[in-house]
Amino acid sequence: MREREKPAPRRRRRRLPPPGWRRVVALRRAAAALLVVLAAVLLAAPAAAPSGTPVLVAARDLAAGVALGPGDVTVRLLPDDLVPAGALREPGAVTGRQVVGGVRAGEALTDVRLLGAVAAVAAAGVPDAAGVPVRLADAGVAALLTPGTRVDLVAAGDQHGAGELSTPQDPPGVPTVLAPGAVVLAVLPAPERTATAAPVVVVALPAGLAARVATTSLREEVTVTLR
């Protein structure tokens, strides 16, 4: 018997790549190269500075009259449209200065929030206003005062002509109104560690009245009446 011939092995047909494959490969390689170049540029470029204006804010809650130290303020970036007028920016410029009224943590510090001429002008409403520190005769009265309180400053009346409303006919010992309508800027703690020491009250007054009050308070006891 004749042996059956084995069939010849079939040749595999080589599958041709789809049309345009060379173009696709070239595009992919170009895109990969572009991404590599872009990544290198981003790494080499300096980081973009955060936008905003640096402003001093309270780092913690601050009590009225506290003298600011380095740990009481911090610099924070605020959007330009949220920066208040008179905002302070340099920590060194506020060290040792006292705040007018209480300040919440995160609150931006402005020039009217610190004792000084700007705060006095804002409180008194006149361009020549000044802040006058007065040691009140009664510590209990000082405890009733808060920033923004409007008071009349009254002297004991031992010296004629001391006050704006006094006259030479006033008998000795008659209380004299030194300055009506003063605005309390701050109530500062007494430097002496005694129970009877009265705090120092800083009031805003026009320049003329401020000088009279400062002079009179050196020789007479001064108190206030609340409005």
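Below is a short write-up of the structure. This is a predicted model, so every value here is computed, not measured.

### Some details on the side chain of Thr 110
Tracing the backbone through its elements, the reader meets Thr 110 in the loop between strand S2 (73–78) and helix H2 (117–124). Thr 110 gets classed as buried once you look at its relative accessible area, which sits at 9%. Ignoring sequence-local partners within four residues, the contact set of Thr 110 consists of Pro 84, Ala 85, Gly 86, Ala 87 and Leu 88.

### As for the pairing of strand S6 (residues 200–205)
Within a regular beta strand, the side chains point alternately toward one face of the sheet and then the other, so they alternate between its two faces. Across the six residues that make up S6, a large majority, six, are buried. Burial along S6 is two-sided: Val 200, Val 202 and Ala 204 and Val 201, Val 203 and Leu 205, pointing in opposite directions, are all buried. Here strand S3 (residues 130–135) runs beside S6; their pairing, made up of six bridges, is antiparallel. Counterpart to Pro 133 in the pairing with S6 is Val 202. Across five bridges, the pairing between strand S5 (residues 176–188) and S6 is antiparallel. Within S6, the residue paired with Ala 186 across the bridge is Val 202.

### Section: helix H4 (residues 207–219)
Along H4, the positions that sit buried rather than exposed are Leu 209, Ala 210, Val 213 and Thr 216. In an axial view of H4, the angular spread of the buried residues amounts to 140°, which keeps them on one side of the axis. Contacts made by the buried residues of H4 are with S3, strand S4 (150–155), S5 and S6.

### Some words on the nonpolar core
Taken as a class, soluble globular proteins show a tendency for nonpolar side chains to be buried jointly. Among the nonpolar cores identified, the biggest contains 22 residues, and Leu 136, Leu 145, Leu 153, Val 201, Val 203, Leu 205 and Val 213 are the most heavily contacted of them. Mapped onto this core, the elements with two or more residues apiece are S3, helix H3 (139–142), S4, S5, S6, H4 and strand S7 (222–226). With five residues, the top contributor of residues to this core is S5. Residues within four places of Val 201 in sequence aside, it is in contact with Val 132, Pro 133, Val 134, Leu 136, Ala 142, Leu 145, Val 184, Ala 186 and Val 187.

### Thoughts on the environment of Val 184
Secondary-structure assignment places Val 184 in strand S5. Along the backbone, Val 184 and Gly 131 are 53 residues apart, and their C-alpha atoms lie at a distance of 9.0 Å. If we skip the residues at most four places from it in the chain, Val 184 touches Leu 145, Thr 146, Pro 147, Gly 148, Thr 149, Val 151, Val 201, Val 202 and Val 203.

### Considering the sheet that holds S5
An order of S3-S6-S5-S4-S7 is seen for the five strands of this open sheet, with the pairing classed as antiparallel. If you trace the sheet from one side to the other, it starts and ends with S3 and S7, each paired once. The sheet shows a mean angle of 45° between the axes of neighbouring strands, taken without regard to direction. Strand direction decides the pairing type here: S4 and S7, joined by five bridges, are antiparallel. Residue pairing for S7: Leu 153 is matched across the bridge by Val 224. Against the sheet, H2 touches S3, S4, S5 and S6, its axis set at about 125° to S5. Across the sheet, H4 lies against S3, S4, S5, S6 and S7, angled at about 20° from S3, the strand it touches most.

Conventions we followed
Residues numbered from 1 in each chain as written. Predicted model: local features only at pLDDT ≥ 70, side-chain atom pairs only at ≥ 80, totals over all residues. Heavy atoms only, no water. Helix = DSSP H or I, 4+ residues; strand = E, 2+ residues; numbered from the N terminus. Buried < 20%, exposed > 50% of the residue type's maximum accessible area, 1.4 Å probe, protein only. Contact = heavy atoms within 4.5 Å. Pairing = 2+ DSSP bridges. Arc of directions from axis to C-beta. Core = buried A, V, L, I, M, F, W, Y, C linked by side-chain atoms within 4.5 Å. Axes fitted to C-alpha atoms, helices over the stretch in contact; angles between N-to-C directions.

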